[in-house]
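Summary of the model geometry
Residues per chain, in single letters:
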Amino acid sequence: MELVLKRIAKKDDYTIGRLYVRKTVLDEYSAGEELEYICDTLEPQWRDYAKGARKIKGKSAIPEGRYPVVITYSPTIKQWLPLLVNVPRFSGIRIHAGNTAKDTQGCILVGLNLKMGMVLNSRKYVEIIKSKIVEAKDKDEAVWIEIR
């Protein structure tokens, strides 16, 4: 299974995105991709690492790329949550509940962007994403997230 996070609003204090499941795999024979919308996302400030921007601990969104996703126990949040693996210069990057950029130190918050700079109904969407990941893992599918 492939999750796709498209960042759509890069603000001074936060980054809003949309999270999808890729329904078709891009290859040399396909004309495009079909994405199924899951929810919105909120991250800390986006930084252009490709142009030399520096990470600020706890206040930077992770770099664009494609990362494996597993579910592990978070001792900080005390829940089983999705974890992005092998993120350059970052560790412990999870998909979890929260409402504002103050609720994350680099992780991806999920929910509905119904208020400026916020995501709401976050816990519901964490459970939806976890169930999709577990379903894929039960089929022995690898789970990846591509961040654009």
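Now for a look at the structure at hand. (Residues numbered from 1 in each chain as written. Predicted model: local features only at pLDDT ≥ 70, side-chain atom pairs only at ≥ 80, totals over all residues. Heavy atoms only, no water.)

To continue, consider the nonpolar core. As a rule of thumb, soluble globular proteins bury nonpolar side chains together. Of all hydrophobic cores here, the largest spans 28 residues; its most connected members are Leu19, Leu84, Val110 and Ile145. When residues of this core are traced back to their parent elements, those giving at least two are β1 (2-10), β2 (15-22), β3 (35-43), β4 (65-74), β5 (79-84), β7 (108-111), α1 (122-138) and β8 (144-147). It is α1 that provides the largest number of residues to this core, a total of five residues. When residues no more than four places from it in sequence are discounted, the contact partners of Ile145 are Glu2, Leu3, Leu5, Leu19, Gly65, Arg66, Tyr67, Val69, Leu84, Ile95 and Ile108. Grouped together as the second largest cluster of nonpolar side chains are six residues, Ala9, Tyr14, Leu42 and Val119 included. (Core = buried A, V, L, I, M, F, W, Y, C linked by side-chain atoms within 4.5 Å. Buried < 20%, exposed > 50% of the residue type's maximum accessible area, 1.4 Å probe, protein only. Helix = DSSP H or I, 4+ residues; strand = E, 2+ residues; numbered from the N terminus. Contact = heavy atoms within 4.5 Å.)

This part takes up the sheet that holds β8. Pairing in this open sheet of eight strands is mixed, and the strands run β5-β4-β8-β1-β2-β3-β7-β6 from one edge to the other. At either margin of the open sheet sits one strand with a lone partner, and together these are β5 and β6 (95-96). The sheet contact formed by β2 and β3 spans eight bridges and is antiparallel. Note that in β3 the partner of Tyr20 across the bridge is Tyr37. Strands β2, β3, β4, β5, β6 and β7 of the sheet are contacted by α1, whose axis makes an angle of about 130° with β3. (Pairing = 2+ DSSP bridges. Axes fitted to C-alpha atoms, helices over the stretch in contact; angles between N-to-C directions.)

Our next topic: the pairing of β7. A two-sided burial pattern is seen for β7, the buried positions comprising Ile108 and Val110 on one face and Leu109 and Gly111 on the other. Pairing analysis gives two bridges linking β6 to β7, with the strands arranged parallel. Of the residues in β7, the one forming a bridge with His96 is Leu109.

Let's shift gears to the pattern of salt bridges. Tallying each qualifying case throughout the model produces eleven salt bridges. Note that Lys139 is salt-bridged to Glu135, the shortest N-O span being 3.7 Å. Salt bridges sharing common partners tie together Glu2, Arg22, Arg66, Glu146 and Arg148. (Salt bridge = Lys/Arg side-chain N within 4 Å of Asp/Glu carboxyl O.)

What follows deals with the pairing of β1. With four bridges joining them, β1 and β8 adopt parallel strand pairing. Paired with Glu2 across the strands is Trp144, a residue of β8. In this structure, β1 lies alongside β2, joined through seven bridges in antiparallel fashion. Residue Ala9 lies in a different strand from β2, and its bridge partner there is Ile16. Linkage of β1 to β2, two consecutive antiparallel strands, is achieved through a turn of four residues.

Counting across every chain of the model gives three aromatic pairs. Ring plane angle 70° and centroid distance 6.1 Å describe the contact between Tyr20 and Tyr37, whose orientation is recorded as edge-to-face. Note that Tyr20 is positioned in strand β2 and Tyr37 in strand β3, a separation of 17 residues in sequence. Using a relative accessible area of 38% as the deciding quantity, one classes Tyr37 as partly exposed. Measuring from centroid to centroid gives 5.7 Å for Tyr73 and Trp80, while their planes differ by 65°, and the two rings are edge-to-face. Among the residues examined, Tyr73 registers a relative accessible area of 39% and is labelled partly exposed. Under the relative-accessibility criterion, Trp80 is labelled exposed at 52%. For Lys55, the ring lying beneath its charged end belongs to Phe90, and the centroid distance is 4.2 Å. Cation over ring: Arg89 sits above Tyr49, and NZ or CZ is 4.8 Å from the ring centre. (Phe/Tyr/Trp six-rings, centres within 6.5 Å; stacked < 30°, edge-to-face > 60°. Lys NZ or Arg CZ within 6 Å of the ring centre and 35° of its normal.)

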